[in-house]
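Architecture and fold: a report
These are the residues of each chain, in order.
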Amino acid sequence: MIKSALELRDVTKIFQKGREPVKAVDSVNLTVEEGELVTFLGPSGCGKTTTLRMVAGFELPSSGSITIKGKDITNTPVNKREIGFVFQNYALFPHMSVYNNVAYGLKARGEKDDEIRPKVVSALQLVGLENTENRYPSQLSGGEQQRVALARVIVMEPTLLLMDEPLSNLDAKLRLHMRTEIRKLQKKLGITCLYVTHDQSEALTMADRIVVMHKGKVEQIGTPFEIYSNPQSLFVADFIGQANIITLEVTAIGDENLTAAIPGGGSFTARALRPDKYSPIDVLYKVGKPASLIVRPESIVVTNLSNEDGQFPAQVVSSIFVGSHIEYELLLQNDAIVKASIPFTTGMQMFSEGSSVSLVCDVSNSAFLPA
Ligand SMILES: Nc1ncnc2c1ncn2[C@@H]1O[C@H](COP(=O)(O)OP(=O)(O)OP(=O)(O)O)[C@@H](O)[C@H]1O
């Protein structure tokens, strides 16, 4: 049987803050396969860094277990875990040349100089810094320093690479560039990687899978596509990308669908999501009670006002032409504000502020969640 690269089972961390115990990480379960890049995404304080620090061995879990390739390492010391870390402050040794920074770990491991040289040269080549061996960190740009930090880790051939906001000290343009660089390198080396970020576009563009965390718990684990198109909670829908969350009254419950009343007349039917998968649909939703319709701004079409069933009558609050798109803010008859983002095509109709219009939500990209 192939063993997973990493498994977290019911991993919990409780810190003592004064007299109060704080559950920083709450029963996290996760299986990571060989060669996967998994990002931890969530707002500040949700427990991302603490989870990573437990995998690294800088913190011990209060309960639960961590295994690497089937071997329990929950209580194994940091230096026996064969894990590489890259943090936001690159922590390079300022008094050492680039070569010596990269060679440091191999020397500490007792490897001989003639074994070390080819490894350092090839690691520097991998990160595109082959001509910087004799320079010092202060003579490098922020992006170059971060690449040295990466080379210093890669050269050790760790079984697992942990990265905590590695790009947050770089300027916006370099951050975008380094995202692609890190991802390419990670794929090329086939190295399993956990990557902490609070930047959703970083998580969406880099990850094989995303773990969305909230208040110490895992809210959802899935591919970027699954997380974006099929959020399992209002938190995920709201945190990832832009989402309209429209509260509507349920009028009928089907096997997998809900029908709800559109303010101003008509009704709308869409998939009903079951966040915990176990509760039956008629336990999660009730006729006469509210449910939240989740629809992305790009899944809405704005048309002339009509009485067709399924369309939401609305008034244009603002319409802004941003080149590729028209961004609308629309007021529904229940006072909800809905955002729509319509790709601009030549000759298309643009509705001005105050116009009465109808909204059509793309049924395949809309879903209900319990309110
Ligand atoms: N050593 C510690 N002692 C006490 N509380 C801690 C300690 N480390 C973290 N915490 C608390 O645990 C919670 C989770 O912190 P953590 O750093 O893991 O969050 P995070 O999601 O990485 O946040 P950020 O994005 O701001 O780094 C927070 O409430 C934090 O204050």
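Residues numbered from 1 in each chain as written. Predicted model: local features only at pLDDT ≥ 70, side-chain atom pairs only at ≥ 80, totals over all residues.

Remarks on the overall build of the protein chain
Convention followed: By the criteria applied, helices consist of DSSP H or I runs no shorter than four residues and strands consist of E runs no shorter than two, each listed in order from the N terminus. Here the C-beta atoms are placed from the backbone, and a residue counts as buried if at least 20 other C-beta atoms lie within 10 Å of its own, exposed if 12 or fewer do, and partly exposed otherwise. We call two residues in contact when their backbone-placed C-beta atoms lie within 7 Å.
Across its full length, the protein chain holds nine helices and 20 strands. Going through the 371 residues of the protein chain one by one, you find that 34% of them count as buried. When contacts within the protein chain are restricted to residue pairs at least 6 apart in sequence, those whose partners lie at least 24 apart make up 65%.

Here's the deal with the site of the ligand
Let me state the cut-off plainly: By convention here, the C-beta atom is placed from the backbone, and a residue is near a molecule or strand when that atom is within 6 Å of it.
In the region of the ligand, 13 residues are neighbours, and F15, A24, S44, T49 and T50 sit closest. Mapped onto the shell around the ligand, the elements with two or more residues apiece are β1 (6-17), β2 (20-32) and α1 (48-56). It is α1 that provides the largest number of residues to the shell around the ligand, a total of three residues.

Describing the environment of P61
By secondary structure assignment, the location of P61 is in the loop between α1 and β4 (63-68). A tally of 22 C-beta atoms within 10 Å means that P61 is categorised as buried. With 26 residues separating them in the primary sequence, P61 and F87 have C-alpha atoms 21 Å apart. Ignoring sequence-local partners within four residues, the contact set of P61 consists of V11, T12, K13, M54, I66 and T74.

Quick look at the packing of helix α2 (residues 98-108) against helix α3 (residues 113-126)
This is how it is decided: Only the stretch in contact is used when a helix axis is fitted, and all axes are lines through C-alpha atoms; the angle between N-to-C directions ranges over 0 to 180 degrees. Oblique is the label for any angle not covered by the other classes, which are roughly parallel (under 35 degrees), roughly antiparallel (over 145) and roughly perpendicular (65 to 115). Each crossing is labelled by how the near helix is turned from the far one, with a counterclockwise turn of less than a right angle marking it left-handed and a clockwise turn marking it right-handed. Under the convention adopted here, Pro, Cys and the residues Ala, Val, Leu, Ile, Met, Phe, Trp and Tyr are nonpolar, Asp, Glu, Lys and Arg are charged, and Gly plus all remaining residues are polar.
Close contact between α2 and α3 brings their axes to 10 Å; oriented N to C, the two are set at 130°. Here α2 is positioned oblique relative to α3, judged by the angle of their axes. The two elements α2 and α3 meet at a crossing, and its hand is right-handed. Two secondary-structure elements touch here, α2 through Y99, V102, A103, L106 and K107 and α3 through I116, K119, V120, A123 and L124. Here the residues of the contact of α2 with α3 sort into eight nonpolar, no polar and two charged.

A word on the domain arrangement of the protein chain
As a reminder, the rule being used: Delimitation of the domains relies on an automatic or database domain assignment.
Parsing the protein chain into structural domains produces domain 1 (4-235) and domain 2 (242-370). Centre-to-centre separation of domain 1 and domain 2, based on C-alpha positions: 39 Å. Taken together, the five residues of domain 1 in the interface contact seven residues of domain 2. Residue composition of the side of domain 1 that touches domain 2, grouped by class: two nonpolar, three polar and no charged.

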